[in-house]
Amino acid sequence: MKSFNPPIRTLMGPGPSDVHPRILSAMARPTIGHLDPAFVGMMDEIKTTLKYAFKTENELTMPVSAPGSAGMETCFANLVDPGDKVVVCINGVFGMRMKENIMRFGGEAIVVEDDWGNAVSTDKVEQVLKNNKDAKILAFVHAETSTGARSDAKTLCKLAHQYNCISIVDAVTSLGGIELRVDDWEIDAVYSGTQKCLSAMPGISPISISERALAKIKNRKTPVTSWFLDLNLVMGYWGGSTQRTYHHTAPVNTLYGLHESLLMLAEEGIENAWVRHQKNHQILSDGLEAMRIKFLVKKAHRLPQLNTVFIPKGVDDGLVRNTLLNDYNLEIGAGLGAYAGKVWRIGLMGHACRLENISLCLSALSAVLDKG
Ligand SMILES: *Cc1c(COP(=O)(O)O)cnc(C)c1O
C-alpha cells in the first residue's frame with residue numbers, strides 16, 4: 001500500500017462539487033483542540049457567516065458534525081413528537097427520505113405527491129392542510145436534487161403558518177446557489193450541506209431553527225430519541241456565549257474548510273453567487289439545447305445548479321459517463337429511481353459553476369456523443 005493520491009477530477013454531478021483550493025489548503029492547517037479559545041472564536045465566525053448565508057437572525061444556526069442527511073435527521077428527530085401529523089411533499093428522492101424520517105420518529109406522514117420533475121403543487125398542499133387541521137408540521141424539499149426541480153418555498157412556508165404548522169425545509173442543494181431567505185420566508189427549520197453550492201468538503205450540515213420551532217422542541221413530551229442529534233445537548237457546545245461544554249469532538253479541520261468557504265461566499269456576496277449560478281446555467285442550457293438535448297424540468301422550475309437532461313435515444317448511459325470520467329476527468333451524475341438510465345444530472349454547484357467547466361462539459365459531451 002502507498003499514500004492515496006486521488007485523480008484530479010472536475011465534479012459536475014449532484015455533489016460533491018469542486019472544492020476550491022483555498023478551502024483545501026485551509027483544511028490542511030494544524031489541528032487544535034476543539035475547546036481551544038482560538039477554535040471557539042472561529043466557531044463564532046462560522047455561526048455569524050451561516051446566519052448571513054441563510055439570511056436569518058436565528059440564534060440556533062450552526063453546523064451539524066455530519067453530512068446533509070444528518071441535518072435532515074436533526075430536524076425530524078427534534079421536531080417530530082410521537083403521534084404528530086406531518087404533511088410531507090414528495091416529488092423526488094429526498095422527499096421520500098423525509099417521509100422515512102417522519103415514520104421512524106413516530107410521526108404520522110400525510111403525503112402530498114407530485115410527479116418527479118415537477119415542483120411541489122402549492123394548491124395540493126393547501127387542500128391537504130385544509131383537510132388536516134390538526135397537522136403540526138409541513139415538510140418539503142426546496143431544491144430536489146434527484147430531478148432538478150425548484151419548489152416555491154416562500155408560498156409553502158406561508159401556507160404552513162396559515163394552517164398553524166411549522167415548516168421543515170431541505171435546502172441542501174439550495175444554499176448558496178439560489179435565493180433562500182429563512183427570515184423573510186418564515187422558514188422554521190432548515191438544513192443544508194457543505195458539498196453542494198458551498199463547494200466545501202462533504203460531511204457537515206448547516207442548520208437553522210426559528211424561535212417558534214425551538215419552542216416546539218422545548219415543549220416535547222418525550223426526549224429526543226437520538227442522543228447525538230438532540231439539539232438540547234448539542235447547544236451546550238455550539239450555543240450562545242456561555243461556557244462551551246464537551247458534547248462530541250468537533251471535526252476541527254473540516255470546520256476550517258467550512259469557515260473558508262463561508263468567507264469566500266461573503267466575499268463574493270451571496271446575491272452575486274445566485275446570479276452567477278443563473279447566468280452560467282443559461283450558458284450551459286443553451287449549449288445543451290444546441291446539441292438537441294432536452295431538459296426534464298419545465299423552464300420555470302429549473303434549478304440552475306442541477307441540470308437534468310434526457311439521454312439521447314440509442315446512447316449508452318454507462319459508456320458515456322465512463323468515457324467522460326476516464327478520458328476527460330469529468331464527473332456528471334446518473335439518473336435516480338425511475339429515471340436511472342434515462343437522464344443525466346449535470347451539476348453547476350458553487351466552485352464547479354464556472355465557464356471553464358461548462359466549456360469542458362459541452363465539448364467533451366459533444367465529442368463522446370459524436371463518436372458513439
Ligand atoms: C445531497 C442531498 C441530501 C443529503 O446530503 P448528504 O450530504 O449526501 O447526506 C439531502 N437532500 C438533498 C436535497 C440533497 O441534494
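These figures come from a predicted structure and were not determined experimentally.

Student: Can you tell me about the site of the ligand, naming the residues and giving the values?
Tutor: All residues adjacent to the ligand are P67, G68, S69, F94, V141, A143, T145, D170, V172, T173, Q195 and K196. Q195 places a side-chain nitrogen or oxygen 2.7 Å from an oxygen atom of the ligand. With respect to the ligand, the side chain of K196 contributes an N or O atom lying 2.6 Å from an oxygen atom. The residue makeup of the shell around the ligand, split by class, is five nonpolar, five polar and two charged.

Student: With reference to specific residues and values, describe the environment of C89.
Tutor: Looking at the secondary structure, you find C89 in strand β3 (residues 85-90). For the pair C89 and D18, spaced 71 residues apart in sequence, the C-alpha separation works out to 30 Å. In contact with C89, not counting residues within four places along its chain, are G95, V112, V120, V125, L138, A139 and F140.

Student: Give a detailed account of the packing of aromatic side chains, specifying residues and quantitative values.
Tutor: Across all of its chains, the model carries two aromatic pairs by this definition. Ring geometry for Y237 against W238: centres 6.0 Å apart, planes inclined by 80 degrees, an arrangement best described as edge-to-face. There is no split in this pair, since Y237 and W238 are both buried. The ring of F295 has R302 lying over it, and the distance from NZ or CZ to the ring centre is 4.1 Å.

Student: Outline the pairing of strand β4 (residues 108-113), supporting the account with residue identities and numerical values.
Tutor: The pairing of β3 with β4 spans six bridges and is parallel. For K85, the partnering residue across the bridge sits in β4 and is E108.

Student: Just give me the short version of the packing of helix α11 (residues 317-328) against helix α12 (residues 355-371), but keep the residues and values in it.
Tutor: Contact geometry for α11 and α12: axes closest at 10 Å, N-to-C directions at 120 degrees. Taken together, the axes of α11 and α12 lie oblique to each other. In this structure, the crossing between α11 and α12 has a hand that is right-handed. Counted together, V320, T323, L324 and Y328 of α11 and L360, A364, L365, A367, V368 and L369 of α12 form the full contact between these two elements. Looking at the contact of α11 with α12 residue by residue, the class counts come to nine nonpolar, one polar and no charged.

Student: Account for the domain arrangement of the protein, naming residues and giving values.
Tutor: Much of the literature gives interface size as the accessible area that the parts lose upon coming together. Annotation of the protein at the domain level lists domain 1 (10-15 + 269-371) and domain 2 (30-266). Relative to domain 2, the C-alpha centre of domain 1 lies at a distance of 27 Å. Facing the 26 residues of domain 1 at the interface are 29 residues of domain 2. Summed over both partners, the interface of domain 1 with domain 2 comes to about 2,200 Å²; 61% of that surface belongs to carbon and sulfur atoms. Linking domain 1 to domain 2 there are one salt bridge. We note a salt bridge from E271 to K55, for which the minimum N-O separation is 2.9 Å. The set of elements that each furnish at least two residues to the side of domain 1 that touches domain 2 consists of α10 (270-290) and β11 (306-310). In terms of residues, the side of domain 1 that touches domain 2 owes the most to one element, α10, which gives six residues. A class-by-class count of the residues in the side of domain 1 that touches domain 2 yields 13 nonpolar, 10 polar and three charged.

Student: I'd like to hear about the state of the cysteines, residue by residue, with values.
Tutor: Inspection of the entire model under this criterion finds zero disulfides. Here C157 is not disulfide-linked; the sulfur of C89 is the nearest cysteine sulfur, at 10 Å. Look at C157 and you get buried, because its relative accessible area is 0%.

Student: Please set out the sheet that holds β4 residue by residue, giving values where relevant.
Tutor: Strand order in the open sheet formed by seven strands is β2-β10-β9-β8-β5-β3-β4, and the pairing between neighbours is mixed. In this open sheet, the two edge strands, each paired with only one partner strand, are β2 (60-64) and β4. Each adjacent strand pair in this sheet contributes to an overall mean axis angle of 15 degrees, direction not counted. Note: strand β5 (residues 137-141) against strand β8 (residues 166-170), five bridges, orientation parallel. Within β8, the position partnered with F140 by the bridge is V169. Of the strands in this sheet, β2, β9 (189-191) and β10 (205-209) are in contact with helix α2 (residues 37-54), which crosses β2 at around 105 degrees. Packing of helix α7 (residues 211-218) onto the sheet brings it into contact with β2, β5, β8 and β10, and relative to β10 it is tilted by some 90 degrees.

Student: Go over the sheet that holds strand β12 (residues 330-334) with me, naming the residues and quoting the values.
Tutor: The strand order across the open sheet built from four strands is β1-β12-β13-β11, with neighbouring strands paired in mixed fashion. Two strands in the sheet have a free side with no partner beyond their single neighbour: β1 (10-12) and β11. Along the sheet, successive strands turn relative to each other by an average axial angle of 30 degrees, direction set aside. As defined by bridge partners, β1 adjoins β12 across three bridges and the pair is classed as parallel. Its bridge partner being in β12, L11 is matched across the sheet by E331. Along the sheet face, α11 touches β12 and β13 (343-347) and points at about 155 degrees away from the line of β12.

Basis of the calculations
Residues numbered from 1 in each chain as written. Predicted model: local features only at pLDDT ≥ 70, side-chain atom pairs only at ≥ 80, totals over all residues. Heavy atoms only, no water. Near = heavy atom within 4 Å. Polar contact = N/O pair within 3.5 Å; in protein donor to acceptor, adjacent residues only side chain to side chain. Nonpolar A, V, L, I, M, F, W, Y, C, P; charged D, E, K, R; others polar. Helix = DSSP H or I, 4+ residues; strand = E, 2+ residues; numbered from the N terminus. Contact = heavy atoms within 4.5 Å. Phe/Tyr/Trp six-rings, centres within 6.5 Å; stacked < 30°, edge-to-face > 60°. Buried < 20%, exposed > 50% of the residue type's maximum accessible area, 1.4 Å probe, protein only. Lys NZ or Arg CZ within 6 Å of the ring centre and 35° of its normal. Pairing = 2+ DSSP bridges. Axes fitted to C-alpha atoms, helices over the stretch in contact; angles between N-to-C directions. Parallel < 35°, antiparallel > 145°, perpendicular 65-115°, else oblique. Left-handed = near helix turned anticlockwise from the far one by under 90°. Domains from an automatic or database assignment. Buried area = accessible area lost by both parts, 1.4 Å probe. Salt bridge = Lys/Arg side-chain N within 4 Å of Asp/Glu carboxyl O. Disulfide = S-S within 2.5 Å.

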